[in-house]
Structure formats: structure tokens, C-alpha cells
Amino acid sequence: MHEVTGLLREYDRARAYTDLLWKDLSADEVTWRPNENSSAIGWHLGHQAHVAHFMVRNLTAAEPSPDPELDGLMDSAQPEQFRGALPTVERLTAFRKTVAARVHARLGAIAGGQVGAPDQLTVVGRHLLIALINHEYQHDQWIGEVRSENLGHALPPDPDTDQVKRLDGYLVLDALG
């Protein structure tokens, strides 16, 4: 069974793969939308982090959002045509970095038994991390499609790990295999 510390490494691997998909793009490419019913790469980047923090803060520790102004914008319940202007690439990068640090801090505390109900939270933490990893890869698929099909950039190779495979075209952490 996957341990929390190993899953944190897989979370970092998924985030690193995301970075391969966008860090070499211009700010205009990151914020460009193929049409009003599509999301920009930048929206997916913010959404990945928003969901990660929302899940961690609601399932393991109540804490405020690192950037409350982004919460409504990055919520997938907001239809694409009403999502508004994206923040700068620098703000998105900072948001992603802050959320990743909070995921590591909270799940690291769980892995270290530094929480109330450490056994119960370890079970929650494992499943939470698997969901966050697969959510990261889910949006990587869409980022990759805009990157390659709309912007004409090559895709990087899939992550170099036997923990991840493709299902229905999407990268997923094979938690059962």
C-alpha cells in the first residue's frame, strides 16, 4: 500500500510534469483561450492548486485560502465564459508553490504522527494524495491538448515512473496495481 511520504513524492512528480507542459510557454500562451467555452492553460494551473488546497483544508486541517481572490475564479463550477481575466503567471506560480508547500506541511505532519487521530488521518491522507495526483494529471491532459493542438508545441515524455499509467488517454497513479 502507498505510504504518505511516497505519495508526496508522486505529487511532486505530477507537479513537475505539469511544469514541463507550461514553463517554456510565453505569458500570452499561458493565458490564451482557444474559445470562450475553453479554459486557458493558466486557469488549469490555478485550478489544480485551488482544488489541492480546498481538499487539504477541508479534509485534514481548516486553514484560510492562500489567495482568496482566486477561489471563485479557479472553481470549476464557474462556467468558462464567466471566469474572467487570469492573474499573472507570477501570481499563478506563487499560488501553486504556496499550495504545494501547504500540502507537504500538512501531509508531512500526518505522516510523522504529529496530528490528532494519526491512523485515521493517514488513511484520509493516502486517498487525498491519490486524488490530488490524479487531478493534477487530469488537467495536464487538457493543458497538453492546448499546448500541442492549439499552440503547436511538442509534448514532453510521460513521467518516468512505474507508478503512473494511461487510462482512457489520461495519466493516472495506479493505486491498486
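Above this note sits the structure.
Remember, predicted model here, so these are calculated numbers, not experimental data.

Scanning the protein chain from N- to C-terminus turns up six helices and two strands. The order of helices and strands in the protein chain, counted from the N terminus, is α-α-α-α-α-α-β-β. A compact globule built from 177 residues should have a C-alpha radius of gyration of about 16 Å, and the protein chain, at 16 Å, falls within 12% of that. For the protein chain, the spread of C-alpha atoms along the principal axes amounts to about 45 × 35 × 25 Å. Out of the 177 residues in the protein chain, the part that is buried amounts to 45%. Here the analysis covers contacts within the protein chain between residues at least 6 apart in sequence; of these, 74% occur between residues at least 24 apart. Carbon and sulfur atoms make up 52% of the accessible area of the protein chain, which totals about 8800 Å². Taking the average place of the 16 positive charges on the side chains of the protein chain and the average place of its 25 negative ones, the gap between the two points comes to 5 Å.

On to the packing of helix H5 (residues 89–111) against helix H6 (residues 118–150). Two elements in contact, H5 and H6, have axes separated by 10 Å at closest approach and are oriented at 155°. The orientation of H5 with respect to H6, classified from their angle, is roughly antiparallel. Between H5 and H6 lies a crossing of left-handed hand. Counted together, Arg96, Val103, Arg106, Leu107 and Ile110 of H5 and Leu121, Thr122, Gly125, Leu128, Leu129, Leu132 and Glu136 of H6 form the full contact between these two elements. Looking at the contact of H5 with H6 residue by residue, the classes come out as seven nonpolar, two polar and three charged.

Quick look at the pairing of strand S1 (residues 164–167) now. Consecutive side chains of a regular strand alternate in pointing toward one face of the sheet and then the other. Bridging between S1 and strand S2 (residues 170–173) involves four bridges; their strand directions are antiparallel. Among the inter-strand pairings, Val164 is bridged to a residue of S2, identified as Leu173.

Structurally, Pro34 is set in the loop between helix H2 (27–31) and helix H3 (41–59). Along the primary structure Pro34 and Leu151 are separated by 117 residues, whereas in three dimensions their C-alpha atoms are 9.3 Å apart. If we ignore the near neighbours within four places in the chain, the residues touching Pro34 are Ser39, Val146 and Asn150.

This brings us to the environment of Phe54. As for its placement among the helices and strands, Phe54 is situated in helix H3. Spatially, the C-alpha atoms of Phe54 and Pro64 are 9.3 Å apart, while their sequence positions differ by ten residues.

Let us look at unusual backbone geometry. The backbone of Ala117 sits at a positive phi, close to 55°, despite the residue not being glycine. Relative to the assigned elements, Ala117 resides in the loop between H5 and H6. Ala117 sits in the partly exposed class, given a relative accessible area of 46%. A positive phi angle, near 55°, is found at Asp168, a position not held by glycine. Position of Asp168 among the secondary structure elements: in the loop between S1 and S2. Judged by relative accessible area, which is 80%, Asp168 ranks as exposed.

What counts, and where the lines are drawn
- Residues numbered from 1 in each chain as written.
- Predicted model: local features only at pLDDT ≥ 70, side-chain atom pairs only at ≥ 80, totals over all residues.
- Heavy atoms only, no water.
- Helix = DSSP H or I, 4+ residues; strand = E, 2+ residues; numbered from the N terminus.
- Rg over C-alpha atoms; globule rule 2.2 N^0.38 Å.
- Buried < 20%, exposed > 50% of the residue type's maximum accessible area, 1.4 Å probe, protein only.
- Contact = heavy atoms within 4.5 Å.
- Areas by Shrake-Rupley, 256 points an atom, 1.4 Å probe, with all protein chains shown as cover.
- Lys, Arg positive; Asp, Glu negative; His and termini not counted.
- Charge placed at Lys NZ, Arg CZ, Asp CG, Glu CD.
- Axes fitted to C-alpha atoms, helices over the stretch in contact; angles between N-to-C directions.
- Parallel < 35°, antiparallel > 145°, perpendicular 65-115°, else oblique.
- Left-handed = near helix turned anticlockwise from the far one by under 90°.
- Nonpolar A, V, L, I, M, F, W, Y, C, P; charged D, E, K, R; others polar.
- Pairing = 2+ DSSP bridges.

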